[in-house]
Amino acid sequence: MGKDVEVAEQQGGGGGGGEFSAKDYHDSPPAPLIDFDELGKWSFYRAVIAEFIATLLFLYVTVLTVIGYKSQTDPTLNTDQCGGVGILGIAWAFGGMIFILVYCTAGISGGHINPAVTFGLFLGRKVSLIRALLYMVAQCLGAICGCGFVKAFQKSYYNRYGGGANELADGYNKGTGLGAEIIGTFVLVYTVFSATDPKRSARDSHVPVLAPLPIGFAVFMVHLATIPITGTGINPARSFGAAVIYNKEKAWDDQWILWVGPFIGAFVAAFYHQYILRAAAIKALGSFRSNA
């Protein structure tokens, strides 16, 4: 195999005499595994702060939505059981906030707002190890603060209606919950890779797709499918922040599902996109043979 050259289009007329141009997109070089130079740049700390604030806002709005829905449909209060935003509204809250926050922070931090997304992008060599670790810490701290604000403003409602904590629903075993988290996170991280793929952007340049939109829709669709199972984690920071502030045994007992599942799903999505769809392994083998 020769060098990595992909044909974009054939130029000239028919008859086989046309010339082929090289690929019309450019992949960013892989991020270094450990980049200490980042620690001396304000742009790095600005990105970490952006991840903290974005995750704080994400948890504040979405957990309030969950608690509000439960209070509006509480059977002990003789409320309208068909009232409130419903599961559909909760899914829209999560998907809509991700769309808004990714749009706002993509140019600063990349708009991860999720340790599983950060982990997947790290495996895809999009971010360094140092950036990935500090992003995850910022995301978890932001989630804790977001839930803390909800509890501070509505303590009685927060405690009465479960604090928006993710728990495995009755009737489902842990394997089912783990599978739901793996597949749900795969859908999300796969969408992130696809929406930000420079090859797709060049190929479909005639289709004006705003990257945060499909990412937000992926979150929305996954919530519709998995809210009845785990309350939909697919974001370890979201699950961890709610568990820390709510601090009940059931939320902690199921916490491992909400970390292991998303990280496995992110790993599979990164592998599938980078090594199957983008054929990174074949390209690396071809480069090795051409240099031999």
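Under an unreviewed UniProt entry, the name given to the protein is Putative aquaporin PIP2, and the source organism is Poncirus trifoliata. Reading the Subcellular location (unreviewed entry) entry of the UniProt record for the protein gives the comment "Membrane". Quoted verbatim from the Sequence similarities (unreviewed entry) heading of the UniProt record, the comment on the protein is "Belongs to the MIP/aquaporin (TC 1.A.8) family. PIP (TC 1.A.8.11) subfamily."

Asks: Sorry, what's going on with a nonpolar patch on the surface here?
Replies: On the surface, Leu33, Ile34, Phe36, Leu39, Trp42, Tyr45, Ile49, Ile53, Leu57 and Leu134 cluster together into a nonpolar patch covering about 960 Å² of accessible area. Element by element, the count of residues in the nonpolar patch is highest for helix 1 (residues 42-72), at five residues. Examined against the element boundaries, Tyr45 turns out to sit in helix 1. Judged by its relative accessible area of 35%, Tyr45 is partly exposed.

Asks: Would you explain the packing of helix 4 (residues 129-153) against helix 9 (residues 236-246) in this entry?
Replies: Two packed helices can be described by the angle between their axes and the distance between those axes. Axis separation between helix 4 and helix 9 bottoms out at 8 Å; the angle between their running directions is 45°. Taken together, the axes of helix 4 and helix 9 lie oblique to each other. Helix 9 is crossed by helix 4, and the crossing has right-handed handedness. The segment helix 4 lies against helix 9, with Gln139, Cys140, Ala143, Ile144, Cys147, Gly148 and Lys151 engaging Ala237, Arg238, Phe240, Gly241, Ala242, Val244 and Ile245. Considered class by class, the residues forming the contact of helix 4 with helix 9 number nine nonpolar, three polar and two charged.

Asks: I tried to follow the packing of aromatic side chains on my own but got confused; where do I start?
Replies: Aromatic rings considered in pairs are described by the distance between their centres and by the relative angle of their planes. On inspection of all chains with the given rule, the structure shows 17 aromatic pairs. Residues Phe44 and Tyr45 carry aromatic rings whose centres are separated by 5.3 Å and whose planes lie at 75° to one another, so their mutual orientation is edge-to-face. The exposure class of Phe44 is buried, given its relative accessible area of 0%. Both rings, one in Phe149 and one in Phe153, keep their centres 6.0 Å apart while their planes meet at 20°; by these two values the pair is stacked. With Phe149 and Phe153 both in helix 4, this residue pair falls four residues apart, about one helical turn. Here a set of aromatic residues connected by ring pairs shows up, and it is made of Phe119, Phe240, Trp252, Trp259 and Phe263. Above the ring of Tyr157, the side-chain terminus of Arg160 is found at 5.4 Å from the ring centroid.

Asks: What is the right way to read the layout of surface pockets from this model?
Replies: Estimated volume of the second largest pocket: approximately 380 Å³. Each residue belonging to the lining of the second largest pocket can be placed in one class, and the counts come to ten nonpolar, five polar and three charged.

Asks: How should the UniProt feature "transmembrane region" (unreviewed entry) in the protein be read in this particular structure?
Replies: UniProt tags residues 48-69, 89-111, 132-153, 177-195, 207-229 and 256-277 as "transmembrane region" (unreviewed entry). Here residues 132-153 runs as 100% helix and 0% strand, with 32 Å between its end C-alpha atoms.

Asks: Just to check I follow, could you spell out empty space enclosed by the protein for this structure?
Replies: The tally for this structure, following the rule as stated, stands at two cavities of 30 Å³ or more. In this model, the largest cavity occupies a volume close to 120 Å³. Around the largest cavity, the lining comprises 17 residues; the ones closest to its centre are Ile98, Asn114, Leu188, Val219 and Asn235. Listing elements by their share of the lining of the largest cavity, those giving two or more residues are helix 2 (86-105), helix 6 (174-195) and helix 8 (212-230). By residue class, the composition of the lining of the largest cavity is eleven nonpolar, six polar and no charged. When its volume is computed, the second largest cavity comes out at roughly 40 Å³. As for the second largest cavity, its lining consists of Lys126, Phe193, Thr196, Asp197, Pro198, His273, Gln274 and Arg278.

Conventions adopted
Per chain, the residues get numbers from 1 upward, laid out in the order the sequence is written. Reporting in this predicted model follows two pLDDT cut-offs: at least 70 for local features of residues, and 80 or more for side-chain atom pairs to be given and counted; totals over whole chains, interfaces and linings ignore these cut-offs and use all residues. Think of the side-chain values as coming from all heavy atoms in the structure, minus any hydrogens and water. UniProt positions are given in the numbering used here, feature names are shortened, and annotations may be inferred rather than shown by experiment. Patch membership needs two things, relative accessible area over 30% and no salt bridge, and members are linked within 9 Å if like-charged or within 5 Å if nonpolar (Val, Leu, Ile, Met, Phe, Trp, Tyr). Every accessible area reported is derived by Shrake-Rupley at a probe size of 1.4 Å, with residue values counting cover from the shown protein chains alone. Here, a salt bridge means any Lys or Arg side-chain nitrogen found within 4 Å of an Asp or Glu carboxyl oxygen. Each helix is a run of DSSP H or I of at least 4 residues and each strand a run of E of at least 2, with the numbering of both proceeding from the N terminus. Each residue is placed in one exposure class: buried if its accessible area under a 1.4 Å probe, protein chains only, is under 20% of its type's maximum, exposed if it is over 50%, and partly exposed if it falls in between. Think of each axis as a best-fit line through the C-alpha atoms, taken over the contacting stretch in the case of a helix, with angles from 0 to 180 degrees between the N-to-C directions. Each angle receives one of four descriptions, namely roughly parallel if under 35 degrees, roughly antiparallel if over 145, roughly perpendicular if within 65 to 115, and oblique otherwise. The handedness criterion is simple: a crossing whose near helix is rotated anticlockwise from the far helix by less than a right angle is left-handed, and one whose near helix is rotated clockwise is right-handed. Contacts: residue pairs with any heavy atoms within 4.5 Å of one another. Polar here means any residue other than Ala, Val, Leu, Ile, Met, Phe, Trp, Tyr, Cys and Pro, which are nonpolar, and Asp, Glu, Lys and Arg, which are charged; Gly is therefore polar. Any pair of Phe, Tyr and Trp rings, taking the six-membered ring for Trp, is counted once the centres come within 6.5 Å. Such a pair is stacked with planes under 30 degrees apart, edge-to-face with planes over 60 apart, and tilted for the rest. Think of it as a cone above the ring: NZ of Lys or CZ of Arg counts as a charge over the ring if it is within 6 Å of the ring centre and within 35 degrees of the ring normal. Lining residues are defined by having an atom within 4 Å of a point belonging to a cavity or pocket. Those points lie on a 1 Å grid over the protein atoms alone, cavities being sets where a 1.4 Å probe fits but cannot get out and pockets being open sets with protein on both sides within 12 Å along at least five of seven lines. Grid points are joined across faces, edges and corners, and a volume is the space filled by probe spheres set on the points.

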